[in-house]
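Here is how the chains run, residue by residue.
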Amino acid sequence: MYLPRSLISHLYSHLLRSHHPLSPPVLILAALEPDALCACRILTALLKRDYIPHKIQPIAGYGDLARAGEELVRPMQIPMGGSGGVVICMGVGGLVDLGEILGLETDGDAGDMGGVEVWVIDARRPWNLGNVFGGYLERTRSDETNGLTTTQIAGVDRGRITEAYKPGRGGIIVYDDGDIDDDLTAQREAYCGLESMPELDDNSDEGDTSDSDLDEREMSNSNKKRKSWSSREDEDSEDEDEPPRQRRRSNSGSSISTPNPYITSQRDSSQSSRSPSPPSGSVSPTTPKAPSARTLRRRLIRLKRKHEGVLRAYYSLGTSYSEPISSILYSLASELGREDNDLLWLAIIGVCSLELSGRTMSGVGISDASESGGSAGWGGGRGERIRQILRDEVRRLNPPDDNEAGREALRSEVNGVIPTTGRSPTDTSILLSPEPRLLLLRHWSLYDSMLHSPYLAPRLHIWNEVGRKRLRKLLAKMGVSLTQCHQNYTHMAMDLKRDLRQKMLKYAPMYGLEGLVPPPSSGGLSGTREGWGFVRNWGWKACLSATDVSVILGAILEVGSLKPTSSTVSKEDSEQLENNDISSDSDLSSVVSRFWDAYDALSPTSSESPTQLLACLPLAQHLHRAILRTGASLLSKKQIRHLRAFRIAVVKDGPDVKLFTNPGALTKLALWVGEAVRIQEKDKVDGYRIAGKRGMGTPLVLAGLDEDRDVYVVVGTGGGGGVIDFAGATQRKEERKKKKELQAQKRAEREERRAKRAAERAEKGDDEADEEEDEEEEDSSSSGSDSESEDEQAIFSGHKFLKNRFGIAFQEVVRETNARVRIDSFEHCVVEVQKEDLGGFLEALSFRSVVG
């Protein structure tokens with residue numbers, strides 16, 4: 001089932017009304033990522049205010065999710081001795097069948113998942129449609145008039161929850177961010193159509209089957225299906241031909257690339273059809289002849305194949321990201337009337353974190369708006385719309401003070417001055433700021449911030465000496481001396497800081513850095529501030545931007561926590577940190593401890609100083625120094641090779657090799673390298689001339705060696721800014737050619753069968769009714785095939801950019817080779833490959849379409 005955005009508070013309001021002291025605690029399964037962390041903080045703040053007990057369980061991957069299902073979720077079921085309850089998945093399980101992986105499938109007649117209700121809030125796409133349009137409490141009713149078995153769920157309309165729905169009975173409920181209602185209409189029709197169809201064997205030879213045989217087979221299948229729906233497996237155990245009882249969410253089109261060994265692909269829809277075919281009525285002499293069983297069967301098979309094609313096309317597009325879940329949770333708080341600055345700040349951090357990690361509407365890859373100004377370049381058009389809503393909330397919850405300090409701050413905002421301190425010792429407000437696309441500007445020197453910027457460094461070719469000279473020349477044009485630019489930014493001269501943005505706007509375009517700072521805001525106080533970022537003050541103690549906090553949280557989750565615990569770390573300690581043995585173990589206990597370190601650092605209250613965040617600043621600086629060192633080494637030594645479908649680089653030596661055994665850190669390095677390669681291609685004169693003109697690139701595969709476990713961690717980035725899918729283009733061309741040949745062969749076979757039936761009717765002296773019916777049937781078959789192809793193209797070819805299909809390609813390679821591969825990450829574009837099998841794995845992968 002799915003909960004539409006307009007009813008976002010429906011489930012929580014019911015939980016609030018039905019909760020009592022003896023109710024079991026709400027179980028929160030949270031992914032180890034900043035967006036899920038912020039959403040978890042928002043939700044727990046709401047639960048605490050309403051005195052609802054809850055328990056948080058960090059989830060590192062699918063194996064961890066399966067263990068949590070076995071140890072925590074299944075004991076909640078009523079048949080297992082529990083009392084039911086609510087499980088909330090934050091950034092967990094949106095792509096897979098949660099009923100199966102959590103062990104919630106029951107064998108009882110009710111099929112109610114033991115009274116456990118699972119809320120799914122996830123930004124990853126594509127959805128598992130079994131969770132979206134299925135996953136509900138089944139109530140079967142037998143209709144004696146026609147022998148059909150129907151499903152009646154109060155308050156659920158073909159998977160969509162209405163206001164009449166009463167929670168608390170168990171099931172899987174997906175929170176819709178608006179995409180399901182707006183964009184998945186065709187998939188909803190196809191899924192529900194497959195669920196209501198009878199079981200058909202469309203692989204049988206129809207030409208040798210008589211109408212009576214078809215009627216007999218349909219009646220047999222109908223009887224078998226009614227038995228299995230009434231859960232009488234014991235009575236029919238001796239019948240070996242009867243298919244096993246299928247889950248309600250199974251359908252053939254749901255075959256999605258799911259991680260093994262924990263997740264299995266969705267089942268074939270030929271086992272999930274539910275209703276028998278319509279009976280053929282009697283024919284009177286004066287009425288047209290009713291369609292035969294053969295005709296009805298063919299129509300059902302064509303419709304079934306059309307629905308399967310719609311679902312198959314949806315799953316084959318590749319992975320992408322939609323609205324951040326922290327933004328959805330803030331919408332829930334707003335609907336409940338609980339919004340405040342603390343929750344708004346958490347939502348802002350979550351949105352910024354999704355952008356910084358390369359999670360776009362086209363999957364993990366370079367942003368499609370990477371040339372835009374300010375933070376808009378990190379997330380694209382939809383991200384900018386979400387941020388504009390957050391900016392409106394900032395203005396509403398943080399009105400300017402009616403005093404001299406407030407008026408001065410307002411003038412600074414209008415003039416585009418980058419704030420570095422609060423207005424007063426007690427100022428904890430959130431401000432809008434024209435944030436440049438530099439890294440940790442307030443906590444680093446201007447030179448280091450520019451040097452390590454993922455936006456600026458690739459465009460200046462900072463990995464070689466020529467690029468560094470270009471950076472120094474830019475600073476000189478801006479009037480910043482080497483002494484000033486190497487000082488901490490907060491210690492720079494006031495006039496330089498005040499004029500920095502204007503100088504960047506003037507001189508950055510000379511070096512191809514048009515998007516380094518957001519454009520000037522038009523409209524004065526009422527301007528939209530497009531591209532502007534967010535800053536929060538803690539009096540005179542600290543001033544942090546949302547991007548700064550996102551970078552620090554990511555470093556905690558990807559690298560670990562600092563051994564020094566003081567809130568102020570000297571420059572010597574920061575430099576010494578690079579030589580320390582930072583814990584980067586991948587075992588579960590270490591990963592979970594990182595989650596709690598980040599959770600504690602992200603304090604939701606404005607009264608608490610962000611001491612732990614400031615203490616972890618050297619950790620974030622260390623991570624991005626390592627990214628710059630390793631990326632520059634790969635580029636300067638020309639270690640990036642171009643295979644057929646993607647570029648490939650391997651990190652297997654150097655001082656930072658252990659750091660990039662973490663998938664999150666490796667992904668950030670891949671994004672840095674991918675952006676540098678894209679800029680290189682853009683600047684080329686020879687080579688791929690079209691790519692140079694459009695500023696496109698190719699997908700990138702980056703592998704990091706984990707010597708302790710003798711495996712390579714592999715990440716594939718693509719999509720976003722538009723990439724060249726060489727292998728995919730060739731493959732699609734061959735597929736179109738084969739499809740045309742197959743269609744021509746089928747047309748010839750249909751013509752031959754039509755001529756044969758016409759000759760048989762002529763010998764029998766029958767009228768031409770059957771012939772006309774057959775002609776109409778064949779015409780409709782041809783037009784249906786064409787319309788099916790047109791419908792799929794109209795529905796699925798409208799995406800603007802190529803999406804990341806590495807997850808699907810990885811699964812295909814695993815099925816067809818003997819490579820030892822482990823897929824456990826929620827990011828399906830991340831896998832682990834045995835060291836000896838990497839070469840064969842990459843060779844097989846090079847023949848796959850990795851974006852689409």
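Worth saying up front: this structure is predicted, and the values here are computed from it rather than measured.

A tally of regular secondary structure across the protein chain gives 29 helices and 23 strands. Partitioning the contacts of the protein chain with sequence separation of at least 6, the portion at a separation of at least 24 is 78%. Accessible surface computed for the protein chain: about 36300 Å², of which carbon and sulfur atoms make up 49%.

Further remarks concern the sheet that holds strand β19 (residues 647-651). Paired through their backbone hydrogen bonds, the strands of a sheet run either parallel or antiparallel. One open sheet holds the 6 strands; their spatial order is β18-β19-β20-β21-β23-β22, and the pairing between them is mixed. Among the strands making up the open sheet, the edge pair consists of β18 (641-642) and β22 (821-822). In the sheet, β18 pairs with β19 via 2 bridges, with the strands oriented antiparallel. By the bridge assignment, H642 is partnered in β19 with R647.

Of all 11 residues in helix α10 (residues 325-335), 9 are buried; the element is thus mostly enclosed. Taken as a whole, α10 has its buried residues at I325, S326, S327, I328, L329, Y330, S331, L332 and A333. One or two steps after α10, the chain reaches G337, where phi turns positive at roughly 75°.

Moving on, we get to the packing of aromatic side chains. The geometry of two aromatic rings is summed up by the distance between their centres and the angle between their planes. Evaluation of the coordinates by the stated rule reveals 13 aromatic pairs. Ring centres 5.9 Å apart and planes at 45° place the aromatic pair F133 and Y191 in the tilted group. In this pair, F133 sits in helix α5 (residues 129-133) while Y191 sits in helix α7 (residues 185-195), placing the two residues 58 residues apart along the sequence. For F133, a relative accessible area of 1% translates into the label buried. The exposure class of Y191 is buried, given its relative accessible area of 1%.

Here we come to the pairing of strand β20 (residues 700-706). Buried residues dominate β20, accounting for 7 of its 7 residues. Of the two faces of β20, both are covered, the one formed by L700, L702, G704 and D706 as well as the one formed by V701, A703 and L705. One ladder, built from 5 bridges, connects β19 with β20; its direction is parallel. Pairing of R647 across the sheet is with L700, part of β20. Counted between consecutive antiparallel strands, the loop separating β20 from strand β21 (residues 711-717) contains 4 residues, among which D710 sits at a positive phi close to 60°.

Here we take up the packing of helix α2 (residues 34-49) against α10. The geometry of α2 relative to α10 is characterised by a closest axis approach of 8 Å and an angle of 15° between their N-to-C directions. Taken together, the axes of α2 and α10 are roughly parallel relative to one another. Seen along the crossing, α2 lies across α10 with a hand that is left-handed. Residues D35, A36, C38, A39, I42, L43 and L46 of α2 form the contact with α10, whose participating residues are I325, S326, L329, Y330, L332 and A333.

Let us look at the pattern of salt bridges. Taken as a whole, this structure holds 34 salt bridges when the rule is applied. For R820, the salt bridge is made with E836, and the minimal N-O distance between the two is 3.1 Å. Remark: E836 occurs in the loop between β23 (830-834) and α29 (838-845) and R820 occurs in the loop between α28 (806-816) and β22; sequence separation between them is 16 residues. Classification of R820 as partly exposed rests on a relative accessible area of 46%. With a shortest N-O distance of 3.5 Å, R822 and E832 are connected by a salt bridge. On the criterion of sequence distance, the pair formed by R822 in strand β22 and E832 in strand β23 is long-range, its members being 10 residues apart.

A word on the confidence of the model for the protein chain. For the protein chain, the average pLDDT comes to 77, and 70% of its residues sit at 70 or higher. Here residues 139-148 is modelled with pLDDT under 50, and outside its nearest four sequence neighbours on either side it reaches 16 contacts, counting other chains as well. In this model, residues 720-729 is a region of pLDDT below 50 whose contacts with residues beyond four sequence positions or in other chains number 39 contacts.

A sheet is described by the order of its strands in space; here 3 strands give the open sequence β15-β16-β17, paired in antiparallel fashion. Of all strands in the sheet, those bounded by a partner on one side alone are β15 (430-433) and β17 (542-545). Strand-to-strand twist across the sheet, computed as the mean angle between neighbouring axes with direction ignored, equals 30°. As judged from the 4 bridges shared by β15 and strand β16 (residues 533-538), these two strands associate in the antiparallel manner. Residue pairing for β16: S433 is matched across the bridge by G533. Of the strands in this sheet, β16 and β17 are in contact with helix α19 (residues 546-558), which crosses β17 at around 80°.

Before going further, it helps to spend a moment on unusual backbone geometry. At the junction of R125 and P126, the peptide bond is cis and its omega measures out at 10° in the coordinates. Structurally, P126 can be placed in the loop between β6 (124-125) and α5. Unlike most non-glycine residues, Y51 shows phi in positive territory, near 55°. Looking at the element boundaries, Y51 is found in the loop between α2 and β3 (54-59). Although it is not a glycine, K638 sits at a positive phi angle of roughly 55°. Here K638 is to be found in the loop between α23 (617-636) and β18.

Our next topic: the pairing of β16. Here β16 lies mainly inside the structure; 6 of its 6 residues are buried. Residues G533, V535 and N537 of β16 are buried on one face, and the alternating residues F534, R536 and W538, pointing to the opposite face, are buried as well. Examined bridge by bridge, β16 and β17 share 4 bridges and lie antiparallel to one another. Note that in β17 the partner of V535 across the bridge is S545. Hairpin connection between β16 and β17: a loop of 3 residues separates the two successive antiparallel strands, and G539 in this loop has a positive phi of roughly 60°.

Parameters and conventions
All chains use their own residue numbering, which begins from 1 and follows the written sequence. Local features in this predicted model are restricted to residues whose pLDDT is 70 or higher, and side-chain atom pairs enter the listing and the counts only when it is 80 or higher, whereas totals over whole chains, interfaces and linings include all residues. The basis for every side-chain value is the complete set of non-hydrogen atoms in the structure, without hydrogens or water. Here a strand is any run of E in DSSP of at least two residues, a helix any run of H or I of at least four, and the numbering for each starts at the N terminus. The contact criterion used throughout is that any non-hydrogen atoms of two residues lie within 4.5 Å. Areas reported as accessible are Shrake-Rupley estimates using a 1.4 Å probe. Residue values count occlusion only from the protein chains shown. Here, a strand pair is defined by DSSP locating no fewer than two bridges between the strands. Per-residue accessibility, obtained with a 1.4 Å probe over protein chains only, is compared with the maximum for each type, and a residue is labelled buried under 20%, exposed over 50%, and partly exposed between these values. Pairing of aromatic side chains requires ring centres within 6.5 Å, counting the rings of Phe and Tyr and the six-membered ring of Trp. Pairs whose planes differ by under 30 degrees are stacked, by over 60 edge-to-face, and all others tilted. Angles run from 0 to 180 degrees between N-to-C directions of axes, and those axes are lines fitted to C-alpha atoms, restricted for helices to the stretch in contact. Working definition: roughly parallel below 35 degrees, roughly antiparallel above 145 degrees, roughly perpendicular at 65 to 115 degrees, and oblique for all remaining angles. Crossing handedness is read from the near helix: turned anticlockwise from the far helix by less than a right angle, it gives a left-handed crossing, and turned clockwise, a right-handed one. Throughout this description, the term salt bridge denotes a Lys or Arg side-chain nitrogen within 4 Å of a carboxyl oxygen of Asp or Glu. Residue-level confidence of the predictor, termed pLDDT, takes values from 0 up to 100.

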